[in-house]
Amino acid sequence: MEPRRGELRGAARPPGGWEWGGTAGTGVSKQDIREQIWDHMESQNLADFPRPVHHRIPNFKGASHAAEQLPRLQAFKTARTIKVNPDAPQKNARFFVLESKKTLLVPTPRLRTGLFNKIAPPPGATKDILRKCATSQGVRNCSVPIGLDSRVLVDLVVVGSVAVSEKGWRIGKGEGYADLEYAMMVSMGAVSNETPVVTIVHDCQVVDIPEELLEEHDITVDYILTPTRVIATGCKRPQPRGITWSKISWEMMEKIPVLRSLRAREQQAGKDVTLQGEHQHLPEPGRQQAVPLSAGRGPPDTPGPEANSMEAAGGSPPGEGAPLAADVYVGNLPRDARVSDLKRALRELGSVPLRLTWQGPRRRAFLRYPDSAAAQQAISCLQGLRLGTDTLRVALARQQRDK
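Presented here is an overview of the structure given in this document. These numbers were taken from a predicted model, which means no experiment stands behind them.

With that settled, the discussion passes to the overall build of the protein. Within the protein one finds 13 helices and 16 strands. Among the 403 residues that make up the protein, the fraction classed as buried is 49%. Residue pairs in contact within the protein that sit at least 24 positions apart in sequence constitute 68% of those at least 6 positions apart. Surface exposure of the protein reaches about 19,300 Å², of which carbon and sulfur atoms provide 48%.

If you want it as structure tokens, here you go:
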């Protein structure tokens, strides 16, 4: 299918088109493009919950309609196993995979507990149940982990994007998880350079992206689905050939355990698995897997009133039994907010805590996470989150007590 070039190219863009720092393509960065897309979607009210869209894969109005184009693709019809990212705008895409009785794989949030899960709806599931299985909550409740030894073959990949060009260049939200997921699948042998990649975006997210911004580890897309168009990019740029270990830091190795397993495998196969800055942290001979899991962590937070309230709710404060547990303070809750509102937001963002302590009358809550890294990731996800018209205040509980 050939792209319909020129159709509606400026319809959803600001008057005069996008301005990339003056002359198009001159001195522009990926972050410049992200910020302009995010700002435009907010100012034109093109986004759905969660908002603001900044630092997220935008959940745009019309995402469900755009996803309806997916089952019409020949690449979808012939695929048996499809990997779809867990973001909100791809919820309908996940539903169509399940409805078509194909195997749906969804990456685990931030790859903390593995690479991806297989969604397993109950036998005889109705459309309503399948739709629930396609939500972030369904992904957690109706899934089976897929191990590195599963020898799974992925026939189609669906990713989210902040911006994408008709040539197939893609820009994500800047954390690199989609690129890393793809590289990990290459290392597993789950995908090849011929595996089609699809993205689902709003029309305003289809922009010109200078090719010089692309890096070796960036994935490209073969099809772009919007509410008004299906664009076949015809992209010939090779996909990443696997994990670029020189771009992987010790911090990432700490946060993503499956990386350590893949690294050990590739080292055994004789590949260069030197990490970013590893010359400063060379392990002893014969101890390649001795990754410093506690690097960069300080002493556990001192329990305060917030920790005690969690104890009363059935949790356990940080101490000898759980030395790395960390609490996140959430403040400025609306006076009429309910705990279910916050729980829904946490589920949508993939930041479900071990324990939630609700203090509605005091307009605050405390979230417990297994360690400080998970707490910091949650804070990053929750920054700028609004319930109703109020923007929440989010910080580590210890920092809040210091204030």
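Formed by 48 residues in total, the largest nonpolar core has its most connected members in Ile33, Leu70, Phe76, Ile82, Leu156, Ile200 and Ile209. For this core, the leading source of residues is helix H4 (residues 91–99), giving 5 residues. Apart from the residues within four sequence positions on either side, Ile200 is in contact with Phe60, Ala63, Ala66, Ala67, Gln90, Ala93, Val158, Val159 and Leu225. Of all hydrophobic cores here, the second largest spans 38 residues; its members include Val152, Val157, Ala190 and Ile231.

Strand pairing in a sheet is mediated by backbone hydrogen bonds. Such pairs are either parallel or antiparallel. One open sheet accounts for 8 strands, arranged E4-E3-E2-E1-E5-E8-E9-E10; its pairing is mixed. Both outer strands of the open sheet, strand E4 (143–146) and strand E10 (230–232), are each paired with one neighbouring strand and no more. Put simply, the sheet's adjacent strands are angled 25 degrees from each other on average, direction ignored. Relative to strand E3 (residues 116–119), strand E2 (residues 103–107) is paired through 3 bridges, and the arrangement is antiparallel. Bridge pairing links Pro107 to Phe116 in E3.

Moving on, we get to the packing of aromatic side chains. Taken as a whole and judged by the stated rule, the model has 2 aromatic pairs. Seen from their ring centres, Phe95 and Phe96 are 5.5 Å apart, and the 55 degrees between their planes marks the pair as tilted. One exposure class covers both Phe95 and Phe96, and it is buried. With 5.8 Å between their ring centres and 55 degrees between their planes, Tyr329 and Phe366 make a pair best called tilted. Highlighted residues: Tyr329 in strand E11 (residues 326–331) and Phe366 in strand E13 (residues 364–369), separated in sequence by 37 residues. Exposure class is identical for Tyr329 and Phe366. Each is buried. The ring of Phe76 has Lys102 sitting right over it, with the charged end atom 5.2 Å from the ring centre. Sitting above the plane of the Phe49 ring, Arg344 keeps its charged end 4.7 Å from the centroid.

Moving on, we get to the sheet that holds strand E12 (residues 355–359). Across the sheet, which stays open at both edges, the 4 strands sit in the order E12-E13-E11-E16 with antiparallel pairing between neighbours. Edge positions in the open sheet fall to E12 and strand E16 (393–396), since each of these has one partner strand only. Averaged over all adjacent pairs, the angle separating strand axes in this sheet is 20 degrees, with direction ignored. Of the strand pairs in this sheet, E11 and E13 are connected by 6 bridges, and their pairing is antiparallel. Looking at the pairing, Asp327 lines up with Arg368 of E13. Across the sheet, helix H11 (residues 339–349) lies against E12 and E13, angled at about 145 degrees from E12, the strand it touches most. Packed on one face of the sheet, helix H12 (residues 372–382) meets E11, E13 and E16 and runs near 165 degrees to E16.

In this section: unusual backbone geometry. The peptide bond linking Phe49 to Pro50 adopts the cis configuration, its omega dihedral lying at 0 degrees. Note that the residue after Arg51, namely Pro52, is joined by a cis bond; omega there is 0 degrees. Despite not being glycine, Asn45 has its phi angle at roughly 55 degrees, a positive value. Within the element layout of this structure, Asn45 appears in the loop between helix H1 (30–43) and helix H2 (63–67). One non-glycine residue with positive phi stands out, namely Lys101, at about 60 degrees. Turning to its location among the elements, Lys101 is positioned in the loop between H4 and E2. Overall, Lys101 belongs to the exposed group, its relative accessible area being 77%.

Rules used in this analysis
- Residues numbered from 1 in each chain as written.
- Predicted model: local features only at pLDDT ≥ 70, side-chain atom pairs only at ≥ 80, totals over all residues.
- Heavy atoms only, no water.
- Helix = DSSP H or I, 4+ residues; strand = E, 2+ residues; numbered from the N terminus.
- Buried < 20%, exposed > 50% of the residue type's maximum accessible area, 1.4 Å probe, protein only.
- Contact = heavy atoms within 4.5 Å.
- Areas by Shrake-Rupley, 256 points an atom, 1.4 Å probe, with all protein chains shown as cover.
- Core = buried A, V, L, I, M, F, W, Y, C linked by side-chain atoms within 4.5 Å.
- Pairing = 2+ DSSP bridges.
- Axes fitted to C-alpha atoms, helices over the stretch in contact; angles between N-to-C directions.
- Phe/Tyr/Trp six-rings, centres within 6.5 Å; stacked < 30°, edge-to-face > 60°.
- Lys NZ or Arg CZ within 6 Å of the ring centre and 35° of its normal.

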